[in-house]
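# Residue-level structure breakdown
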Amino acid sequence: MDLSTFFNIDYTLRTVALGAGILGIVSGALGCFAVLRKQSLVGDAMSHAALPGIVLAFMLTRSKSSLVLVLGAALAGWIGMLLIINIVRYTRIKEDGALALILSVFFGFGLMLLTYVQRLPDATQAGLDKFLFGQAAALLRQDVIIIGVLGGLALLVMGLFWKEFKLLSFDHEFGATLGLPARALDVLLTSLLVIAIVIGLQAVGVVLMSALIVAPAAAARQWTDRLSVMVALAGFFGALAGVTGAAISSLGAGLSTGPVIVLCASLIVLFSLLFAPNRGLVWRWARQQRNKRTLQDTAVLSAMMTLAKQHDTPYHAHNINVLRVMNLKRGGVQRTLEVLEAEGLVAEQSDDLWALTPAGLEAAQERTRFGAQTAPVEMA
């Protein structure tokens, strides 16, 4: 490989990574509102609804310019979004049914148009099918500029209407009672989501774009309860998935950038589901085990306190079998005593005979509120 080829590959990777990173920021930030409003499938419906707009834009202009195709996709997605809103509003069809209806009808119509265009005698239609699964490796500098400009405008509008979007996402009815134009804001927010979707169709494709809308937001939701932090984290996770996916796909031939980006986003979601401090499954399991251990310790200490009330000294040794009977349903008495002994709360005086230590007596009174409910045991 000569030097010019190396720098050409490096330039291509930089372009793709930059475009994917910007796309990840925009889709992740705006996807938070879709996830919080329980409209995650809106991204799937809008991305599929954009396909006929792409093909029709090409048929009308005979141009494969990114801006032309993006405008066609945005118009089709926006029309699909308006149809969904009006179907839900004026019919008995629920939102999930309306989403499925628009998705299937628009996507079927788009595939029909795409099949027709591909049979045209000229070759100008070549490459339109790449919008199904994306072709991020074909991103050019002007494509990245379009993604950056449109994505930046969408984020700017989101910032300008931050308080309104925040209120409608958490309490739509209350926002309407305050006099906010709820319907207009719904249309505006969904329109911004359409923009985030259509600018990513060339990179990720119609089929996979919804994952890039939902995955970063779902991952960020595991780490925080604040919307501002969630949006920032979702943008970071989206950018991380985009750049990492672009870098990984450049390492080997045959690795499509779009699917690799979505796979990276899915791994981020999996990591967040497992290890996020507040909601991670691993940390939740660890907290459950810690709480279980605390309950077992308290139960054994409480049993020893109860037995101590029957003797002149709270440090009287008790047979482990008696403690097992008193903690029959909990079990693990031997292990619990060993843990308490390591903490200096109990001591084994002879085989199977255990007694509280002064520190154990104090801990038992504190944990079981023994001193607040009954007279404290005299310390001999």
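Structure: above.
This write-up is about the structure you can find in this document. Please read all numbers here as calculations on a predicted model, not as lab measurements. (Residues numbered from 1 in each chain as written. Predicted model: local features only at pLDDT ≥ 70, side-chain atom pairs only at ≥ 80, totals over all residues. Heavy atoms only, no water.)

### Some remarks on the overall build of the protein chain
The helix and strand tally for the protein chain stands at 18 helices and three strands. Long-range contacts, defined here as pairs at least 24 residues apart, represent 68% of the contacts in the protein chain between residues at least 6 apart. Entry remark: accessible area of the protein chain is about 19500 Å², with carbon and sulfur atoms responsible for 64%. (Helix = DSSP H or I, 4+ residues; strand = E, 2+ residues; numbered from the N terminus. Contact = heavy atoms within 4.5 Å. Areas by Shrake-Rupley, 256 points an atom, 1.4 Å probe, with all protein chains shown as cover.)

### As for helix α16 (residues 333–342)
Taken residue by residue, α16 has V333, T336, L337, V339 and L340 as its buried positions. The buried residues of α16 occupy an angular sector of 160 degrees when the element is viewed end-on, so they sit on one face. Residues of α16 that are buried in the fold lie against α14 (281–308), α15 (320–326), β2 (346–350) and β3 (353–356). (Buried < 20%, exposed > 50% of the residue type's maximum accessible area, 1.4 Å probe, protein only. Arc of directions from axis to C-beta.)

### Comments concerning the sheet that holds β3
Within the open sheet, the three strands sit side by side as β1-β3-β2. Their pairing is antiparallel. Across the chains shown, the open sheet's two edge strands, defined by having one partner strand only, are β1 (318–319) and β2. Pairing geometry for β2 and β3, over four bridges, is antiparallel. Of the residues in β3, the one forming a bridge with S350 is L353. On the sheet, α16 packs against β2 and β3 and is oriented at approximately 110 degrees with respect to β2. (Pairing = 2+ DSSP bridges. Axes fitted to C-alpha atoms, helices over the stretch in contact; angles between N-to-C directions.)

### Examining the pattern of salt bridges
For the coordinates displayed, the defined rule picks out four salt bridges. For D225, the salt bridge is made with R221, and the minimal N-O distance between the two is 3.2 Å. Across the pair D225 and R279 runs a salt bridge, and its minimum N-O distance is 2.3 Å. Of this pair, D225 sits in the loop between α11 (209–221) and α12 (227–249) while R279 sits in the loop between α13 (257–275) and α14, and the two are 54 residues apart along the sequence. For D225, a relative accessible area of 56% gives the class exposed. (Salt bridge = Lys/Arg side-chain N within 4 Å of Asp/Glu carboxyl O.)

### Focus on a negative patch on the surface
A cluster of acidic residues, E341, E348, D351 and D352, forms a negative patch at the surface. Summarising the element assignment, D352 is placed in the loop between β2 and β3. (Patch = residues over 30% accessible without salt bridge, like charges linked within 9 Å, V, L, I, M, F, W, Y side chains within 5 Å. Lys, Arg positive; Asp, Glu negative; His and termini not counted. Charge placed at Lys NZ, Arg CZ, Asp CG, Glu CD.)

### Quick word on α14
Because the α-helix completes a turn every 3.6 residues, residues three or four places apart line up on one side. Here α14 is 28 residues long and its end C-alpha atoms lie 40 Å apart, about the 40 Å a rise of 1.5 Å per residue gives. Buried residues of α14: Q296, D297, T298, A299, V300, L301, A303, M304, M305, L307 and A308, and no others. (Expected span 1.5 Å × (residues − 1).)

### Considering the packing of aromatic side chains
The relative placement of two aromatic rings is captured by the distance of their centres and the angle of their planes. For the coordinates displayed, the defined rule picks out six aromatic pairs. Taken together, a centroid distance of 6.4 Å and an interplanar angle of 20 degrees make the contact between W223 and F271 stacked. Taken together, the residues span a long stretch of sequence, with W223 in the loop between α11 and α12 and F271 in helix α13 at a distance of 48 residues. Judged by its relative accessible area of 46%, F271 is partly exposed. One aromatic cluster is present, built from ring pairs that chain together F33, F161, W162 and F165. (Phe/Tyr/Trp six-rings, centres within 6.5 Å; stacked < 30°, edge-to-face > 60°.)

### Quick look at the side chain of D297
In this fold, D297 is placed in helix α14. Residues in contact with D297, not counting those within four places in the same chain, are T336, L340 and R367.

### Observations concerning the environment of G238
Within the fold, G238 resides in helix α12. For the pair G238 and A220, spaced 18 residues apart in sequence, the C-alpha to C-alpha distance is 9.9 Å.

### Some points on the pairing of β3
Pairing between β1 and β3: two bridges, direction antiparallel. Looking at the pairing, H318 lines up with W354 of β3. Connecting β2 to the next strand, β3, in antiparallel fashion are two residues, including D352 with a positive phi near 65 degrees.

### As for a nonpolar patch on the surface
Residues I145, V149, L153, L156, L160 and F161 make up a contiguous nonpolar surface patch of about 560 Å² in total accessible area. Residue position: F161 is located in the loop between α6 (141–160) and α7 (162–170). Residue classification places F161 among the partly exposed positions, given a relative accessible area of 31%.

### A few points about the environment of L51
On the secondary structure map, L51 appears in helix α2 (residues 40–61). When the C-alpha positions of L51 and F107 are compared, they lie 6.3 Å apart, and in sequence the two are 56 residues distant.

### Quick word on the packing of α6 against helix α9 (residues 182–198)
Contact geometry of α6 with α9 gives a least axis separation of 9 Å together with a crossing angle of 155 degrees. Here α6 is positioned roughly antiparallel relative to α9, judged by the angle of their axes. Crossing of α6 against α9: the hand is left-handed. On α9, the residues touching L150, A154, V157 and M158 of α6 are L188, L192 and I195. (Parallel < 35°, antiparallel > 145°, perpendicular 65-115°, else oblique. Left-handed = near helix turned anticlockwise from the far one by under 90°.)

### Details of the packing of α7 against α12
Two elements in contact, α7 and α12, have axes whose closest approach is 12 Å; the angle formed by their N-to-C orientations is 100 degrees. By the angle class used here, α7 and α12 are roughly perpendicular. Contact with α7, carried on its side by W162, K166 and F170, involves L227, S228 and V231 of α12 and no other residues of that element.

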